[in-house]
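# Remarks on the overall topology
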Amino acid sequence: MTTARTAPHKLPRDFLWGFATASFQIEGSLDKDGRGKSFWDDFSKLPGKTLDGRDGDVATDSYKLWREDLDLLTSYGVKSYRFSLAWSRIIPLGGRNDPVNEQGIKFYSDLIDALLARGITPFVTLYHWDLPQTLHDRYGGWLNKDEIVKDYENYARVCFERFGDRVKHWLTMNEPWCISILGYGRGVFAPGRSSDRMRSPEGDSTTEPWIVGHSVILAHAYATKLYREAFRQRQGGQIGITLNGDWAIPYDDSPESIAAAQHALDVAIGGCAPVSVAVWSADSAFASAQDPIYLGHYPAYLREMLGERLPTFTPAELAVVKGSSDFYGMNTYTTNLCKAGGDDEFQGKVEYTFTRPDGTQLGTQAHCAWLQDYPQGFRELMNYLWNRYHMPIYVTENGFAVKDENNKPVEEALSDGDRVEYFRGTTGALLGAVAEDGVDVRAYFAWSLLDNFEWADGYVTRFGVTYVDYETQRRYPKDSARFVCQWFKEHVDKDETTPASKRPANVAGLGTDAQLVRAVAA
């Protein structure tokens, strides 16, 4: 990363910033142009699986409206766009012996070409939770390590072959903790397996999440090995994994709370998922996924807690897993206060709260119960990861859902002050970590470009910096979009060699009044 000539308190000129989305959350058109089913297609239609009873059939209709979405990105002046590929749009049946869908290839190829033509760097996620339904039906999907690793490696190969001449930034997996814990432990995400028979007729929450997490880590590692050995030399890109994890701090100064916070990080960060001082997205999965990839072993606390239920790597597998990420992909949203107690293994047997001992709240409450604003935690987390793993950090998701935003008139929703304050805090923390603490952070992607299908929450939770009217599919920039774009315009060191025609338009052009914002028509 070019830093030698960076101005004081500026981010380097090659710092990547932009917004992120995921295929199932925005594309819609689930039965168009040869796409096969993912296991979210039918799962989202089951009664009670989404808060509002709505599914992903249309989402933000971005399969049809992708050019309008790129117009929006161009007006925002972003340097990069993170999006995911739908496995079942590329290989409808998913398997290594199944045919490739050329219409799906063309869709993503056209999208990549259009981004590059606009001077926007594509940052591509191979897997963002939408497993081809056929693979789940054939052999259990992620529960079958031997089959799924081979099929995923083949899918990755197709993507590298077809898109790698233009894509130089690859993410293998988005949030292994969510894949494993929410899909096979809590049962709230597809395929919805759980020991809770009120929620699922089958599944074992004591074993399946750890089996799945193990398979996901191996699939990531073998795809990385493939890229490095067969594609990197001629394509010149980099590849890694992105892990969800929130910072964790002790509830009080007691030894028990201090230990609880570290346990949370060990489970979440060391396992391969979130990062909350013990994170695997729930704070006990973070180290569970990260430590094998970056350090070559699961954290001791996770091994102690799970015993024989924690799968082991063969020496040959471990040789592939260790060092299998070129960077640290970081999805993070909040900070948790941690105290000892509880029997939830997915949180490292730690209790989380936002309420301090004096009764005050840690920060501003979001629409989701699990999220409050606490920018200090963001900076501390970046320092923790840098000091623990010594890998460059790419912040691949970070965002805020304003409370009850879905119930507000559009003009009011566009004035999203709580989200603006959230981004004001996290961008300030980002700059402090880089310029003052010396943390090597190379990218920041706000979640999300658009309001979208928010998985089990349906459409009632809005994370977008762009408001989407789901009835008309019109897009309206919110105040947070203007803030984020202006902040990076002011805080990324300018590249004087960039032609004027490729430089972002004045962010003020997005409008200063809710009635004047530029809407992108559907």
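That block above? That's the structure.
Given the structure is predicted, the values throughout are model-derived calculations rather than measurements.

Quick notes on the rules
Residue positions are given per chain, counting from 1 as you read along its sequence in written order. Side-chain atom pairs in this predicted model are given and counted only at pLDDT of 80 or more, local residue features only at pLDDT of at least 70, and totals for whole chains, interfaces and linings cover all residues. In computing side-chain properties, one takes all heavy atoms of the structure into account and sets aside hydrogens as well as water. Strands were regarded as paired on the criterion that DSSP finds at least two bridges between them. The helix count covers DSSP runs of H or I at least four residues long, the strand count covers runs of E at least two residues long, and both are numbered beginning at the N terminus. Whenever a helix is involved, its axis is fitted only over the stretch in contact; in every case the axis is a line through C-alpha atoms, and angles between N-to-C directions fall within 0 to 180 degrees. A contact between two residues is defined here by any heavy atoms of the two lying within 4.5 Å. Each polar contact in these results corresponds to two N or O atoms within 3.5 Å; when the atoms are within protein, one needs to be able to donate a hydrogen and the other to accept it, and residues that are neighboring in sequence are counted only if both atoms are side-chain atoms. Two rings belonging to Phe, Tyr or Trp (six-membered ring only in the last case) form a pair when the distance between their centres is within 6.5 Å. Interplanar angles under 30 degrees mark stacking, angles over 60 mark edge-to-face geometry, and anything in between is tilted. The rule is simple: take the accessible area with a 1.4 Å probe, protein chains only, and divide by the maximum for that residue type; under 20% is buried, over 50% is exposed, in between is partly exposed. For a ring to carry a charge above it, either NZ of a lysine or CZ of an arginine must fall within 6 Å of the ring centroid while also lying within 35 degrees of the normal to the ring plane.

## Side note on the sheet that holds strand S3 (residues 121-127)
Here we have eight strands rolled up into a closed barrel, ordered S1-S2-S3-S4-S5-S8-S11-S12, and parallel in their pairing. Across the sheet, the mean angle separating the axes of adjacent strands is 25° when strand polarity is ignored. Note that strand S8 (residues 328-331) and strand S11 (residues 393-397) share four bridges and pair parallel. Pairing of glycine 329 across the sheet is with tyrosine 394, part of S11.

## Here we look at the sheet that holds strand S6 (residues 247-250)
Read from one edge of the open sheet, three strands run S6-S9-S10, paired in mixed fashion. The open sheet has two free edges, formed respectively by S6 and strand S10 (350-353), since each of these has just one partner strand. Each strand axis lies, on average, 45° off the axis of its neighbour in the sheet, ignoring direction. Examined bridge by bridge, S6 and strand S9 (residues 335-340) share four bridges and lie parallel to one another. Looking at S9, one finds that tryptophan 247 is bridged to threonine 335. Sheet strands touched by helix H15 (residues 375-389): S6 and S9. Its angle to S6, the strand with the most contacts, is close to 105°.

## So, the side chain of serine 257
Note on placement: serine 257 falls in helix H11 (residues 255-268). There is a polar contact of 2.8 Å between the side chain of serine 257 and the side chain of aspartate 252.

## What about the packing of aromatic side chains?
Using the criterion set out here, one finds 45 aromatic pairs in the structure. An angle of 15° between the planes, with centres 5.9 Å apart, marks the rings of phenylalanine 24 and tryptophan 455 as stacked. Of this pair, phenylalanine 24 sits in helix H1 (residues 23-26) while tryptophan 455 sits in the loop between strand S12 (441-447) and strand S13 (466-469); the two residues are 431 residues apart in sequence, bridging distant segments of the chain. Both residues of the pair, phenylalanine 24 and tryptophan 455, count as buried. Ring geometry for tryptophan 129 versus tryptophan 455: centroids 4.8 Å apart, planes at 50°, classification tilted. Placement of the pair is tryptophan 129 in the loop between S3 and helix H6 (133-139) and tryptophan 455 in the loop between S12 and S13, with a sequence separation of 326 residues. Taking the relative accessible area as the measure of exposure, tryptophan 129 reaches 8% and is therefore buried. Here a set of aromatic residues connected by ring pairs shows up, and it is made of Phe24, Trp40, Phe43, Trp129, Phe189, Phe453, Trp455, Tyr459 and Tyr470. Seen from the ring of phenylalanine 107, arginine 89 lies directly overhead, with NZ or CZ sitting 5.9 Å from the centre. Here the guanidinium or amino end of lysine 339 rests over the ring plane of tyrosine 251, the centre of that ring lying 4.5 Å away.

## Points about the pairing of strand S1 (residues 16-20)
Extensive coverage of S1 is indicated by the burial of five of its five residues. Relative to S12, S1 runs parallel, the two being bridged by five bridges. Counterpart to leucine 16 in the pairing with S12 is alanine 443. Here three bridges tie S1 to strand S2 (residues 80-84), and the two strands are oriented parallel to one another. Within S2, the residue paired with glycine 18 across the bridge is serine 80.

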